[in-house]
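Here is how the chains run, residue by residue.
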Amino acid sequence: MSTLDLALVLFVGLLLVLVSGLVLAGLAYVTHRHPRLEKPLTVAFGGGGVLVAVVVGLVAVVALTT
């Protein structure tokens, strides 16, 4: 793997982590600001879905660059 490919993988990984952090912060804001919308399973599935999407995205980027 060349240096450029490694830099691309790290950059995309950083972007995915930042986006997942923003989504999780949004979930926390919604459940804090609107308590009637707080359904534990919904929040858990939302957060879990974001984390799975981050992992799948990282794996896809690594697979495409190798």
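Refer to the structure above for everything that follows.
Criteria and cut-off values
- Residues numbered from 1 in each chain as written.
- Predicted model: local features only at pLDDT ≥ 70, side-chain atom pairs only at ≥ 80, totals over all residues.
- Heavy atoms only, no water.
- Patch = residues over 30% accessible without salt bridge, like charges linked within 9 Å, V, L, I, M, F, W, Y side chains within 5 Å.
- Areas by Shrake-Rupley, 256 points an atom, 1.4 Å probe, with all protein chains shown as cover.
- Salt bridge = Lys/Arg side-chain N within 4 Å of Asp/Glu carboxyl O.
- Helix = DSSP H or I, 4+ residues; strand = E, 2+ residues; numbered from the N terminus.
- Contact = heavy atoms within 4.5 Å.

Q: I'd love a proper account of a nonpolar patch on the surface, names of residues and values included.
A: Nonpolar side chains collect at one region of the surface, where Phe11, Leu14, Leu15 and Leu18 lie side by side and expose about 380 Å² of accessible area between them. Structurally, Leu18 is set in helix 1 (residues 3–33).

Q: How would you sum up the environment of Leu27? Please name residues and give values.
A: Relative to the elements of secondary structure, Leu27 occurs in helix 1. Sequence separation between Leu27 and Gly47 is 20 residues, and the spatial gap between their C-alpha atoms is 7.7 Å. Apart from the residues within four sequence positions on either side, Leu27 is in contact with Val43, Gly46 and Gly47.

Q: With reference to specific residues and values, describe the environment of Gly21.
A: Here Gly21 lies in helix 1. Along the primary structure Gly21 and Ala44 are separated by 23 residues, whereas in three dimensions their C-alpha atoms are 14 Å apart.

Limitation: the analysis is restricted to geometry and does not speak to function.
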